[in-house]
Amino acid sequence: MGTEANPLITRHKCSACFKQFKRKEHLVEHMKISYHSVHQPRCPVCLKHCKSFESVREHLNGPLQKPTCSEVFSVQGCNLCLKVYNSSNSLHKHKEICCLASPVPLGTAFMHSTECQVNMSVSNDKDHNLEGLKGVAMDCEMVGGGSDGSIDICARVCLVDEDENIIFYAYVQPEIPVTNYRYELTGLTKEHLKDAVPLMEVKDEILKILYNGEPVERLRLDGGKARLLVGHSLEHDLYCLRMKYPVHLLRDTAKYQPLMKTNLVSHSLKYLTRTYLGYDIQTAVHDPYEDCVSVMRLYKRMRSQDHQMEGMKPQNLSTDFDSLQPEELEKMSPDELYEISRPNYRCWCLDSK
């Protein structure tokens, strides 16, 4: 009977997600594939680490919720940022700031094609050089080409800075005939694109803004003048613009792990905006300015997270699971294993450090 009870006494508990294992080597293997770190989303009550904020929400309010955490969060928690406050007064004041007002859509009458030329020249003005701003949000509106209208053609593009100011806005001249203007979603007609700006000209202007005077060959992984490009499903937008931009400078809310579903599939921008910012977008015609502002707000909210590193070893420390022998790892405590664990994505909070 003593041997049967022994495994229960010697269970090895993960310091991050609290899973328990009968054998130490199983805990070690778990730590190798879990990528636990201070950057992972956590339950604000019990501090359990999760893959994404969606996992945290299920932990708090889902079918398999933890009752003790759910009870505390229902009274003291903010449903948008998932933080817990000590008093109802503090929570109320926080919610007034956390729940944002919807940006006012520009509509399709913001500027005509001839005015786009003027707006593009403003984007390169010396008084509007984006100095000191780290991120630029971009959104494209697509119409359809091909026999069935299923080919996405960029027809309108908008860029905003971190203060939600428009720095570039243009209608784009289609490179192939438009067979479906998708009017119900875009609000665009043939007239909007009659004298639109050629795609190559649009591409060149956008790259001037993003590189911000930084020569392409001198782009560095950290620092430099080039701007971070923020967006949702950026790979698709860049493809439609026939444009390339360094991967390390992309901040995509569709691919950022903390913002993904529990199975790490992307959410829509509409869902993310409602869930994390507290307002609705795309209720009628899709507006690129509205989407730009929303995606920038999401980025800034994720970037502003304060992940305390107290008690943790530096994240650039060379010691990790691959540098140690199995017997060395099995001698380490759960806390020590957690200290050498690293995330498998770059947390956006590092952009502000």
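Rules used in this analysis
- Residues numbered from 1 in each chain as written.
- Predicted model: local features only at pLDDT ≥ 70, side-chain atom pairs only at ≥ 80, totals over all residues.
- Heavy atoms only, no water.
- UniProt positions renumbered as here; feature names shortened; annotations may be inferred.
- Helix = DSSP H or I, 4+ residues; strand = E, 2+ residues; numbered from the N terminus.
- Buried < 20%, exposed > 50% of the residue type's maximum accessible area, 1.4 Å probe, protein only.
- Lys, Arg positive; Asp, Glu negative; His and termini not counted.
- Salt bridge = Lys/Arg side-chain N within 4 Å of Asp/Glu carboxyl O.
- Polar contact = N/O pair within 3.5 Å; in protein donor to acceptor, adjacent residues only side chain to side chain.
- Contact = heavy atoms within 4.5 Å.
- 1 Å grid on protein atoms, 1.4 Å probe; cavity = no way out; pocket = protein on both sides within 12 Å on 5 of 7 lines; lining within 4 Å.
- Points joined across faces, edges and corners; volume = space filled by probe spheres on them.
- Nonpolar A, V, L, I, M, F, W, Y, C, P; charged D, E, K, R; others polar.
- Domains from an automatic or database assignment.
- Phe/Tyr/Trp six-rings, centres within 6.5 Å; stacked < 30°, edge-to-face > 60°.
- Pairing = 2+ DSSP bridges.
- Core = buried A, V, L, I, M, F, W, Y, C linked by side-chain atoms within 4.5 Å.
- Arc of directions from axis to C-beta.

In the annotation of an unreviewed UniProt entry, the entry for the protein chain reads RNA exonuclease 4, and the organism field reads Tripterygium wilfordii. The Subcellular location (unreviewed entry) field of the UniProt record for the protein chain holds the comment "Nucleus". Listed under Sequence similarities (unreviewed entry) in UniProt, the entry text for the protein chain is "Belongs to the REXO4 family."

Attention now moves to the side chain of Asp252. For Asp252, the position within the fold is in strand β9 (residues 250-252). For the buried residue Asp252, which engages in no salt bridge, the nearest side chain bearing the opposite charge is Lys255, 5.2 Å off. Only 2.8 Å separates the side chain of Asp252 from the backbone nitrogen of Ser233, close enough to count as a polar contact. Look past the residues within four positions of Asp252 in its chain and what remains in contact with it is Gly231, His232, Ser233, Leu234, Glu235 and Trp348.

Glycine aside, a negative phi is what most residues show, and trans is what most peptide bonds show. The backbone phi angle of Leu82 is positive, close to 65°, even though this residue is not glycine. Within the chain, Gln282 stands out as a residue other than glycine whose phi angle is a positive 55°. Note on placement: Gln282 falls in the loop between α10 (269-276) and α11 (288-303). With a relative accessible area of 17%, Gln282 lands in the buried category.

The volume enclosed by the largest pocket comes to roughly 590 Å³. The wall of the largest pocket is formed by 25 residues, among which Phe53, Cys81, Leu82, Lys83 and Gln305 lie closest to the centre. Of all elements in the fold, only α5 (88-98) and α11 reach the threshold of two or more residues within the lining of the largest pocket. Of the residues in the lining of the largest pocket, the class split is 13 nonpolar, seven polar and five charged. Lining the lining of the largest pocket are residues from two domains, each supplying at least three of them: domain 1 (12-98 + 318-350) and domain 2 (132-304).

Our focus in this paragraph is the packing of aromatic side chains. By the definition in use, this model includes six aromatic pairs. Residues Tyr211 and Tyr245 carry aromatic rings whose centres are separated by 5.4 Å and whose planes lie at 55° to one another, so their mutual orientation is tilted. Taken as a pair, Tyr211 in helix α8 (residues 199-211) and Tyr245 in the loop between α9 (234-240) and β9 lie far apart in primary sequence, 34 residues in all. For the pair Tyr211 and Tyr245, one class covers both residues: buried. What links up through ring pairs into an aromatic cluster is the set Tyr256, Tyr299, Tyr345 and Trp348.

We now examine the pairing of strand β4 (residues 151-160). In terms of burial, β4 is largely enclosed, as eight of its 10 residues are buried. Taken together, the nine bridges between strand β3 (residues 135-145) and β4 define a ladder with antiparallel strand orientation. Paired with Cys140 across the bridge in β4 is Val157. Here β3 hands over to β4 after five residues, with Gly146 in that stretch at a positive phi of 85°. Judged from the five bridges that link them, β4 and strand β5 (residues 166-173) form a sheet pairing that is antiparallel. The residue bridging Leu159 from the neighbouring strand is Phe168, located in β5. Connecting β4 to the next strand, β5, in antiparallel fashion are five residues, including Glu164 with a positive phi near 70°.

In this section: the nonpolar core. Of all hydrophobic cores here, the largest spans 71 residues; its most connected members are Met138, Val157, Leu159, Ile206, Leu241 and Tyr245. Domain assignment of the residues forming this core places at least three in each of domain 1 (12-98 + 318-350) and domain 2 (132-304). With sequence-adjacent residues up to four places away left out, Leu159 is seen in contact with Val136, Ala137, Met138, Asn165, Ile166, Ile167, Phe168, Ile206, Ile209 and Cys292. Cys14, Phe21, Met332 and Ile340 belong to the second-largest nonpolar core, a separate cluster that totals 14 residues.

Among all positions in α5, only Leu91, His94 and Cys98 are buried. Down the axis of α5, the buried set is contained in an arc of 65°. They therefore lie on one face. The exposed residues of α5 that point more than 90 degrees off its buried face are Lys93, Glu96 and Ile97. In this structure, the buried residues of α5 make contact with α4 (67-76) and α11.

This next bit is on the pattern of salt bridges. For the coordinates displayed, the defined rule picks out 11 salt bridges. Here Arg23 makes a salt bridge to Glu25, at a shortest N to O gap of 2.6 Å. Judged by its relative accessible area of 47%, Arg23 is partly exposed. Residue Glu29 is joined to Lys32 by a salt bridge in which the shortest nitrogen-to-oxygen separation is 3.6 Å. With a gap of three residues between them, Glu29 and Lys32 both fall in helix α2 (residues 24-34), about one helical turn apart. Taken together, the shared-partner salt bridges connect Arg251, Arg346 and Asp351 into one network.

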